[in-house]
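# A look at the structure
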Amino acid sequence: MKWHKVELHTHTIASDGDMLPTDLVDNALDRKYEAIALTDHNTTSSVAEAVAYGKKKKLIVIPGIELTTFWGHIVVTGGNSHIDWRDITLDNIDEILKGARDKNDLVTVAHPKRIGTPFCSECRFLFKLKDWSNVTSYEVWSHYMPQASFESKQTKEEWISLLDQGYKIAPVYGFDWHTRDEGCPAIAYTYVGVVGDLTEEKILKAIEKSHTYISMGIEIDCKAVRYGNDYNLGDSLPSGEGEIVISANVVDEYAKYYSCEIKGMRFYKNNKLYLARKWSGEKISVPVEFDKGYFRVELYGTVDGIDGDVAILSPFYIK
Amino acid sequence: MEEIARFDIHVTSSDTKTHINRSFEVNKEYSKLVFDVSYSPKYLEDVSKCMQLMKQRIKDVGFEEDFLPDKELAKAIPLANHISWSIDSPKDGYLGTKHKHNPHQILEISEEKSSFGFMPAKIVKGTWNITSSMNAILTDDVDIHIIVSGE
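Let us look at the nonpolar core. Trp132(A), Ile220(A), Ile244(A), Ile246(A), Leu299(A) and Leu313(A) are the most contacted members of the largest nonpolar core, which totals 88 residues. By residue number, the principal contributor to this core is strand β17 (residues 293–303) of chain A, which donates 5 residues. Residue assignment places this core across two domains, with domain 1 (2–214) and domain 2 (217–318) of chain A each supplying three or more. Apart from residues lying up to four places away in sequence, Trp132(A) is in contact with Val109(A), Phe125(A), Tyr138(A), Glu158(A), Leu162(A), Tyr167(A) and Ile169(A). Counting residues in hydrophobic clusters, the runner-up holds 30 residues, among them Phe7(B), Ile9(B), Val37(B) and Phe118(B).

Listed below in structure tokens is the structure:
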């Protein structure tokens, strides 16, 4: 499996961004994204132009929309469902999201713990979902300096509580990119893992299967080994004795702009800390007795002098 | 340009998070429809009310009290109302939404090219609709004006 940098939450002049669809593609290439999703607020009017220009410039542009409702924002990606945001209510949200999933679109909860009104018109997720199984992905991180914000603390808590309830939801970073130079170069990325050539279909499938991690300039190779078989992030594996093998390095290009130091990593068996290890810079192997539930890894460290999580990995799911 | 319809709508802060639909008949096949949409006031200028709204929200969402000190909160003043606009055609249905923060906008729909945010659409005869969506109404009152013209 190879890991690719993507940005799944972007805007153009069709909503409140300042980039033409063609500018978005050019600027995404400058930022070294390997794919983006175009997710304007409540409109897809820029999508066709961005997709066509992306093909010409060899950047995958995934059709999407940010359903910008009165009770929170939801990114729907894939371009198969055509939802009129005005139809969404507190009562029918589960049905609407199920409809999107039935059409194989991804459903991502966007910046769920942003402060919201009156600072921005309801960008905090206030829906009380009855069924989170219609949610494929969750912006555990959003916007700037995600390692240190109050928002990230709350999003991480909610994402973990969803894992504890048995939901399989991929962690993603949503920069929520509106203007060309905003947050440039990118402070964090979502990495998606695919086998073979990168395509739109494979990206969507990778997120659906939780083959993701989010990081601040760190490339990670992490697998679980059980009965001699290797498992990728997001995979399911049988319980029992095995190991986690992990290596990580700060990307040179990222280090030109941001000072990033990995200090250590934490391993969690379900929601309990299993092991914390200081980072030596070497590939490490950790013996684990995998218990039913999930097993996940996060890296902590410093970016530009601010401490916090510097990478959060999708869990391995233990049967 | 011929004026087709004109709507004056008064809303209050209790209308926040509601949609207000206005339909109108188009009796000719124009080459373009133009919507002149505006609302006022844009901003809540009352400093003490702004501070109260922001502090209440910080408390409600469980952020630490020192999330933003008063000096930082003051930078967010004035707070803003936000209304977005959606248009439906009798032939093509939902054409899109304008989710910009400018309180005065000109929205155009035509078969060749529509304003950013809307799909192109032929101007057919029949009942059209414009929705004013109250994303955030922070002031006590807001007046909305919509003028629809055909060209």
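We are not done yet, so read on.
Quick look at the interface of chain B and chain A now. Counting from both sides, the interface comprises 38 residues of chain B and, opposite them, 32 residues of chain A. Both faces combined, the contact of chain B with chain A buries some 2,900 Å², and carbon together with sulfur accounts for 61% of it. The largest share of the area that chain B buries against chain A comes from Lys17(B), Arg57(B) and His99(B), three residues that together contribute 25% of it. Across the contact surface, chain B and chain A share 3 salt bridges. As a salt-bridge pair, Asp88(B) and Arg86(A) come within 2.6 Å of each other at their nearest N and O atoms. Inspection of the chain B/chain A interface yields 18 residue pairs in polar contact (both at pLDDT 80 or more). Elements with a minimum of two residues in the side of chain B that touches chain A: β2 (19–26), α1 (47–60), β6 (82–89), β7 (93–98) and β9 (126–136) of chain B. Here the side of chain B that touches chain A takes 6 residues from β9(B), the largest share from any one element.

Right, let's talk about the state of the cysteines for a bit. Residues and elements named next belong to chain A. According to the stated counting rule, one finds 1 disulfide over all chains in the structure shown. The side chain of Cys120 participates in a disulfide bridge whose partner is Cys123; the two sulfur atoms lie 1.7 Å from each other. Judged by its relative accessible area of 2%, Cys123 is buried. Cysteine Cys222 is unpaired, with the sulfur of Cys260 as its nearest cysteine sulfur at 17 Å. Judged by its relative accessible area of 16%, Cys260 falls in the buried class.

All names here are of chain A. What the domain assignment reports for chain A is domain 1 (2–214) and domain 2 (217–318). Taken over C-alpha atoms, the centre of domain 1 sits 23 Å from the centre of domain 2. Facing the 29 residues of domain 1 at the interface are 31 residues of domain 2. Buried area between domain 1 and domain 2, summed over both chains or domains, comes out near 2,300 Å², and the portion from carbon and sulfur atoms is 57%. Summed over the three residues of domain 1 that lose the most area to domain 2, namely Gln147, Lys156 and Tyr213, the buried surface amounts to 23% of that side. For the pair domain 1 and domain 2, the interface holds 2 salt bridges. Linking domain 1 with domain 2 are 14 residue pairs in polar contact (both at pLDDT 80 or more), by the criterion used here. At the level of elements, β6 (137–142), α4 (150–164), β7 (170–174), β8 (189–194) and β9 (212–215) are the ones that each hand at least two residues to the side of domain 1 that touches domain 2.

This part covers unusual backbone geometry. Residue Pro118(A) is bonded to the preceding Thr117(A) through a cis peptide linkage, with omega at 10°. For Pro118(A), the position within the fold is in the loop between β5 (106–109) and β6. Of note, the bond from Ser40(B) into Pro41(B) is cis; its omega dihedral lies within 30 degrees of zero at 0°. On the secondary structure map, Pro41(B) appears in the loop between β3 (32–40) and β4 (43–44).

Okay, the environment of Ala276(A) next. All names here are of chain A. Along the chain, Ala276 falls in strand β15 (residues 272–278). Note on Ala276: relative accessible area 45%, which makes it partly exposed. Residues Ala276 and Arg266, 10 residues apart in the sequence, show an inter-C-alpha distance of 4.4 Å. Once residues lying within four places of it in the same chain are set aside, the contact partners of Ala276 are Met265 and Arg266.

This part takes up the sheet that holds β6(B). Residue and element names in this part refer to chain B. Taken together, 4 strands build an open sheet; the order of strands is β2-β9-β6-β7 and the sheet is antiparallel. Every interior strand has two partners, whereas the edge strands, β2 and β7, have only one. Averaged over neighbouring strand pairs, the angle between their axes works out to 20° when direction is ignored.

Moving on to the packing of helix α1 (residues 21–30) of chain A against helix α2 (residues 47–57) of chain A. Residues and elements named next belong to chain A. Two numbers describe how α1 lies on α2: the axes approach to 8 Å, and their chain directions differ by 40°. In terms of their interaxial angle, α1 and α2 are classed as oblique. Where α1 crosses over α2, the handedness of that crossing is right-handed. Judged by residue contacts, Pro21, Thr22, Val25, Asp26 and Leu29 of α1 engage Glu49, Ala50, Tyr53, Gly54 and Lys57 from α2. By residue class, the composition of the contact of α1 with α2 is 5 nonpolar, 2 polar and 3 charged.

Reading the values: the criteria
Residues numbered from 1 in each chain as written. Chains lettered and ligands numbered in written order. Predicted model: local features only at pLDDT ≥ 70, side-chain atom pairs only at ≥ 80, totals over all residues. Heavy atoms only, no water. Core = buried A, V, L, I, M, F, W, Y, C linked by side-chain atoms within 4.5 Å. Buried < 20%, exposed > 50% of the residue type's maximum accessible area, 1.4 Å probe, protein only. Helix = DSSP H or I, 4+ residues; strand = E, 2+ residues; numbered from the N terminus. Domains from an automatic or database assignment. Contact = heavy atoms within 4.5 Å. Buried area = accessible area lost by both parts, 1.4 Å probe. Salt bridge = Lys/Arg side-chain N within 4 Å of Asp/Glu carboxyl O. Polar contact = N/O pair within 3.5 Å; in protein donor to acceptor, adjacent residues only side chain to side chain. Disulfide = S-S within 2.5 Å. Pairing = 2+ DSSP bridges. Axes fitted to C-alpha atoms, helices over the stretch in contact; angles between N-to-C directions. Parallel < 35°, antiparallel > 145°, perpendicular 65-115°, else oblique. Left-handed = near helix turned anticlockwise from the far one by under 90°. Nonpolar A, V, L, I, M, F, W, Y, C, P; charged D, E, K, R; others polar.

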